[in-house]
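Each chain is listed here by its residues.
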Amino acid sequence: MSLPTEQPDVAAEAQSCPAPAPGAEISPFDLERMDIVAVGHVDHGKSTVIGRMMADTGSLPDGKLEQVKNMCKVNARPFEYAFLLDALKNEQAQGITIDTARCFFNTTQRHYIIHDAPGHVEFLKNMITGASRAQAALLVIDAKEGVRENSKRHGYILSMLGIRQIAVLVNKMDLLDWDQEAFAAITTEYADFLGRLGVHPTSFIPISARDGDNIVARAAAAPWYDGPTVLEQVEDFKQLDDDLDRPFRMPLQDVYKFTEALDDRRIFVGTIETGRIRPGDDVIFLPSRKHSTVKTIEALSGPRPDEAFAGQATGLTLETQVYAKPGELLVRADQPEPLMATRIRANIFWMNTAPLIRGRRYVLRMGAARVAMELEAVLSVLDEQELESVTGAGQVERHMVAEVILRAVRPVAFDQADTLEPTSRFVIVHGFDIAGCGIALEALEDTGRGDVTGRRFRRGDVSEADRAARYGHPGKAIVFVGESGEAAHDVAARVEQSIFALGVHSYCLSAADLGDDKDILGREAHLARVGEIAWAMTDAGIVLVVSLGDVDRFDLDRLRRLAVPHEVYVVGLDAGGELGADLELSPAATTEQAAEEALRALTAAGVLPEPAA
Ligand code: GDP
């Protein structure tokens, strides 16, 4: 057994990137880290800004500046700071695959990582999936070109990502002779647009990246400007890394079981998104609501830690036996609970060539949860040209940003983006691809239409009552549920044999293996088939005995809904009262004993007819 080692890999990142400041005595690992994204319309000067920041803070690898300058001389090209970035990125790209190029600069306070995305698609994907997380943004605008479509789109994206610390850099002021009024006009126009999106930039800074004005050094040409330089601004950005002090959230990735005799401990593993946890804390798994108390925090080696924090891959043992399944969200009972819903209002960005349409099945991946879902409604999409929200669209095309309602087949636990953004993120999978990504805005009420089917067979004219009169009993489904589907099947098979011998018109079917969590749609489809079979056979007047393994109360609810109007009676074999079963049997030593006990209890409950004397 091994605990996952998936720590945020600062060391690996540092290796994959240009070296930190030459001769710097301070290692970047000693510094506070801050992630910043840089966005801007092509050619507005984003690369030049980043190159300048690196050069002017002395953060370039030794000799790099001279090397690039020499190269320009040899090729008879004027030197550009943007070339620095190209050179560094080429080096990065040789060793590793990078989605977002990362550049670094250090000050005495902080180690800055600038995420510079080649395009907004990759950028958004990384940002929303959480591959990159930024606490602040630099948005570059060309003073001469003014606010362009992409500037607006970038503003929208930042608002969608919930990045609140934004410095708008109005670049190439040298081309406008540092005209204060031109700067004011751009500031007003863009501030207006962003304001409508609820985004309020921290600052607007007039700069000339080429000349290094107001980057690190102040622009002598703009005595009228008394705001911060870019460096002063980034140093002033607040560290939002208060993840430790936020409510505890740990998506349950896996459950390790000890298989040695008499050792029934389980280790619940996942990476803590936010907050902290200690032995003795009461915890709840959502959406199942199973609860327990943390007993230990496991360690790979050495003594067990007495606390685990956000960002750590962690294994917990609990005081009581809990059958929680991977995919749930573990939270602390003494803290605000996340939301739970099947219907979610969300902002999404769609990336697949095939549009997001109604009636198609997708998989929603949120935290560790994998749930089948459909698009219920498109509330609005961001119009490409006008950059305004448009209502009435029936689907979401590639590269569109949209506000939608998603409907999952079972409840998912999550947080609202403006409350706890890490657990508000999700991706939508279509086939094997990440087709879209988004953030949850609101949990909507379940309208009760949350099921698949729509299918109803047309039955013949023999009434249920006539069938029941002939067979001596109505049709119904008795479902045996156990942690082990095999064991549940053995009990179910024996029960069926006994009732058949008593004259009951019965049939036994094992649906123990519903398929694994990697194939959610397959699993959902299989469960739906079990539901249809249960409906048809019970409608035929038969007492159907079904066994299921590895299901939860939501699967069972769904089965019940699918079988309507026929009764589904659930017998939990070892579920510990967590499945909402109609009857719970205490664990029996043998299959025979379990079957006998089940028969007795089912008869006593009136589910099975009394054997004729
Ligand atoms: P990016 O596509 O946004 O990364 O833009 P670059 O950084 O590659 O810059 C695009 C062009 O604008 C290059 O030719 C730069 O030299 C030029 N540029 C960048 N900043 C300035 C500036 O402050 N003033 C002037 N005049 N040109 C600049």
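What you are looking at is a predicted structure, and each value in this text was computed from that prediction instead of being measured.

About the thresholds
Residues take numbers from 1 onward in each chain, read along the sequence in its written order. Reporting of local features is limited, given that this is a predicted model, to residues whose pLDDT is at least 70; pairs of side-chain atoms are given and counted only at 80 or more, and all residues count toward the totals for whole chains, interfaces and linings. Calculated side-chain values reflect all of the structure's heavy atoms, with hydrogen atoms and water omitted. Here, nonpolar core means buried Ala, Val, Leu, Ile, Met, Phe, Trp, Tyr and Cys residues that are tied together by side-chain atoms lying within 4.5 Å of each other. The rule is simple: take the accessible area with a 1.4 Å probe, protein chains only, and divide by the maximum for that residue type; under 20% is buried, over 50% is exposed, in between is partly exposed. We count a salt bridge whenever a side-chain nitrogen from Lys or Arg sits within 4 Å of a carboxyl oxygen from Asp or Glu. Each helix corresponds to a stretch of at least 4 residues labelled H or I by DSSP, and each strand to a stretch of at least 2 residues labelled E; elements are numbered beginning at the N terminus. A molecule or strand has a residue near it when one of that residue's heavy atoms lies within 4 Å. Pairing of N or O atoms within 3.5 Å defines a polar contact, subject to two protein rules: one partner must be a possible hydrogen donor and the other a possible acceptor, and residues neighboring in sequence count only if both atoms are side-chain atoms. Surface accessibility in these figures is a Shrake-Rupley result with a 1.4 Å probe; residues are shielded only by whichever protein chains are displayed. Positive charges come from Lys and Arg alone, negative charges from Asp and Glu alone, with His and the N- and C-terminal ends not counted. Contacts between residues were defined by any pair of non-hydrogen atoms, one from each residue, lying within 4.5 Å.

1. Some words on the nonpolar core
Alright, step 1. L169, Y190 and V234 are the most contacted members of the largest nonpolar core, which totals 62 residues.
Alright, step 2. Residues Y156, F349, V371 and V412 belong to the second largest nonpolar core, which totals 39 residues.

2. What about the pattern of salt bridges?
Alright, step 1. What the rule picks out here adds up to 32 salt bridges.
Alright, step 2. Residue E376 pairs with R343 through a salt bridge whose shortest N-O separation is 2.7 Å. Here E376, found in strand β18 (residues 369–382), pairs with R343, found in strand β16 (residues 339–350); they are 33 residues apart in sequence, far enough to count as distant. Considered together, E376 and R343 belong to a single accessibility category, that of buried residues.
Alright, step 3. For the salt bridge of R410 with D555, the shortest nitrogen-to-oxygen distance reads 2.2 Å. Of this pair, R410 sits in strand β20 (residues 401–414) while D555 sits in helix α12 (residues 553–563), and the two are 145 residues apart along the sequence.
Alright, step 4. Assessed through its relative accessible area of 1%, D555 is described here as buried.
Alright, step 5. Members of the salt-bridge network, linked through shared partners, are D245, R276, R278 and E307.

3. Digging into the site of the ligand
Alright, step 1. By nearness alone, 17 residues border the ligand, and D43, S47, T48, E80 and D174 come closest of all.
Alright, step 2. Within the side chain of N171, one N or O atom sits 3.1 Å away from an oxygen atom of the ligand.
Alright, step 3. Within the backbone of R210, one N or O atom sits 3.2 Å away from an oxygen atom of the ligand.
Alright, step 4. Protein coverage of the free-state accessible area of the ligand, which is 570 Å², stands at 82%.

4. Focus on the side chain of E235
Alright, step 1. One can find E235 in helix α8 (residues 230–236).
Alright, step 2. In this structure E235 is buried but unpaired, with R110 as the nearest side chain of opposite charge at 5.0 Å.
Alright, step 3. Setting aside residues no more than four positions away along its own chain, E235 makes contact with T107, Q109, R110 and Y112.

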